[in-house]
Amino acid sequence: MKRLIFLFLIAAAAFGQDIHVLPVQGNIYMLVGAGGNIAASIGRDGILLVDAGTSQMSPKVLSTVLQLVTAVAASPGPNRCVGLHCPDSPYRWSSPSLNALIASPGPPKPIRYIINTSMDPDHTGGNEALSALPADSKILGVTFPPVGVAPTATVIAHENVLGRMSAETKGKPAVASGLWPTDTYRGSSYKLSEFFNGEGVQLFHDPAAHTDGDSMVYFRYSDVIAAGDILSTTSYPVIDLAKGGTIQGALDGLNHILDIAIPEFRSQGGTLVIPGHGRLCDTGDVANYRNMVAIIKDRVADSIKKGMTLQQVKASKPTLEYDGLYGATTGAWTTDMFVEAVYKSLSPKR
Ligand SMILES: [Zn+2]
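The present account deals with the structure reproduced in this document. The shown structure was predicted, so the numbers you read here are calculated from the model rather than taken from an experiment. (Residues numbered from 1 in each chain as written. Predicted model: local features only at pLDDT ≥ 70, side-chain atom pairs only at ≥ 80, totals over all residues.)

## Overview of the sheet that holds strand 4 (residues 46-50)
Selection criterion: Here, strands pair whenever DSSP counts at least two bridges between them. By definition, any uninterrupted DSSP run of H or I lasting at least four residues is a helix, any uninterrupted run of E lasting at least two residues is a strand, and each is numbered from the N terminus. Where helices are involved, their axes are fitted lines through C-alpha atoms of the stretch in contact, as for all axes, and angles between N-to-C directions lie from 0 to 180°. We call two residues in contact when the distance between their C-beta atoms, placed using the backbone, is within 7 Å.
A sheet is described by the order of its strands in space; here seven strands give the open sequence 1-2-3-4-5-8-11, paired in mixed fashion. Strands at the two margins of the open sheet, each flanked by one partner only, are strand 1 (20-25) and strand 11 (183-185). Strand-to-strand twist of the sheet, defined as the mean angle between neighbouring strand axes without regard to direction, takes the value 25°. Strand direction decides the pairing type here: strand 2 (residues 28-32) and strand 3 (residues 38-43), joined by four bridges, are antiparallel. Paired with Y29 across the strands is A40, a residue of strand 3. Strands in contact with helix 2 (residues 58-74) are strand 1, strand 2, strand 3, strand 4 and strand 5 (111-115); relative to strand 3, the strand with the most contacts, it is inclined by about 30°. Against the sheet, helix 6 (residues 159-166) contacts strand 8 (154-158) and strand 11, and its axis sits at roughly 95° relative to strand 8.

Here is the structure:
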């Protein structure tokens, strides 16, 4: 009975959570509340997701993105032409709203791509449920998959993600095969082979940052970067030593974002950056976070040079003035764990 009540509470918590949608710019929307943040490219080619959230939230993520894509496909574009010679002349019989009615756009296409920024379950848990739309299922009155579209989405990640997910111990893979990426890349970058929703999509591998399989995704026309877990506005960067993460790699990754991003004016606006967790960022936000990581790294490196032990470094509180923003004493990634990861990552012999 106790167990039943417990299960009920879990279910209630899952149902109570909602997905919040923030239109970022261009084709890109930020979905918050499914574990890690999800970046969604929504348009006439369908849906591309960067990260898939947790498996429990998949039904809500799916209904949210399908509502978005239906709304985007059905809405008429603005009429920017004025005068008799315009194709949509306000002086003739057509109008943007009338055109939308008579053009009767085809049904929106489903999720075509999922890109994983790392192998963490709050970023890959929805891979299976979101990529495998059952044939002929009717969602929001639309038949899936539409003619000419593959029935499942392509799930793309760096090959180290697949390597770690499929690594076997006693004949069992680390993660069930349904959650594995279907396509991987190696090397420092990868491009989708054709435009998606009218723009190029680039992946960059940031080696040895949060893990050894981190990708960040750059939408070249919308000018949005999905950074994954090297950037968070709610915690210190998660350096997963066991999965190949290092503090230097995390710092390099943040500098990599700043290489690509161009502010609109004095480090504000312009290229927008979706972090793995937390709120939407611009160049200034990323630079502040990068500075924080660099300062803490230098402090710990100096302490190691002086021969200080891990306990002594922790006692010296190298993160103190940032703890109000990023620190935590409980939870999955505490300040203590961060300092320890930085220390071990910088120590000559680990
Ligand atoms: Zn995460």
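Having seen it, we continue.
## Things to note about the pairing of strand 1
Across five bridges, strand 1 lies against strand 2 in antiparallel orientation. In the sheet register, V21 faces strand 2, and the bridge partner there is L31. Hairpin geometry of strand 1 and strand 2 is characterised by an intervening segment of two residues between the two adjacent antiparallel strands and by a positive phi of about 60° at G26.

## Quick look at the nonpolar core
Selection rule: Each nonpolar core consists of buried Ala, Val, Leu, Ile, Met, Phe, Trp, Tyr and Cys residues. Their C-beta atoms, within 7 Å, join them into a set. Our exposure labels follow a C-beta count within 10 Å of each residue's own C-beta, placed from the backbone: buried means 20 or more other C-beta atoms, exposed means 12 or fewer, and partly exposed covers the counts in between.
Formed by 75 residues in total, the largest nonpolar core has its most connected members in A39, L49 and V273. Look past the residues within four positions of L49 in its chain and what remains in contact with it is I38, A40, I111, I114 and L130.

## So, the pairing of strand 16 (residues 272-277)
Consecutive side chains of a regular strand alternate in pointing toward one face of the sheet and then the other. Stated formally: Call a crossover right-handed when, viewed with both strands pointing away from you, the route from the first strand across the helix to the second goes clockwise.
Most of strand 16 is tucked away, with five of its six residues classed as buried. With five bridges connecting them, strand 15 (residues 224-232) and strand 16 associate as parallel partners. Residue pairing for strand 16: A226 is matched across the bridge by I274. Tracing the backbone out of strand 15, into helix 7 (residues 247-260) and back to the parallel element strand 16 gives a crossover that is right-handed.

## A short note on the packing of helix 7 against helix 8 (residues 283-305)
For clarity, the cut-off: When an angle is under 35 degrees it counts as roughly parallel; over 145 it counts as roughly antiparallel; between 65 and 115 it counts as roughly perpendicular; any other value is oblique. Handedness of a crossing follows from how the near helix is turned relative to the far one, being left-handed for an anticlockwise turn of less than a right angle and right-handed for a clockwise one. Charged means Asp, Glu, Lys or Arg here, nonpolar means Ala, Val, Leu, Ile, Met, Phe, Trp, Tyr, Cys or Pro, and polar covers whatever is left, Gly included.
Axis separation between helix 7 and helix 8 bottoms out at 10 Å; the angle between their running directions is 155°. Between helix 7 and helix 8, the angle falls in the class roughly antiparallel. Along this stretch, helix 7 crosses helix 8, giving a crossing that reads as left-handed. Residues I247, A250, L251, L254, N255, I257 and L258 of helix 7 pack against T283, V286, A287, Y289, R290, V293, A294 and K297 of helix 8. Taken together, the residues that form the contact of helix 7 with helix 8 break down as 11 nonpolar, two polar and two charged.

## Examining unusual backbone geometry
For residues that are not glycine, phi is negative in most cases, and the peptide bond is trans in most cases. One non-glycine residue, N197, lies in the positive phi region at around 50°. As for its placement among the helices and strands, N197 is situated in the loop between strand 12 (189-191) and strand 13 (201-206). Positive phi outside glycine occurs at A208, with the angle close to 55°. Tracing the backbone shows A208 in the loop between strand 13 and strand 14 (214-219). The class for A208 is buried, based on 21 C-beta atoms found within 10 Å.

## Things to note about helix 8
Count 3.6 residues to each turn of an α-helix, and residues three or four apart come out pointing the same way. Defined as follows: Given a helix with a known number of residues, its expected span is that number minus one, times 1.5 Å.
For helix 8, with 23 residues, the first-to-last C-alpha span of 32 Å sits near the 33 Å given by 1.5 Å per residue. Burial in helix 8 covers these residues: T283, V286, Y289, R290, V293, I296 and V300. Residues of helix 8 that are buried sit in contact with strand 15, helix 7, strand 16, helix 9 (310-315) and helix 11 (335-346). Phi turns positive one or two residues past the end of helix 8, at G307, with a value near 85°.

None of the figures reported here should be taken as evidence of function without further support.
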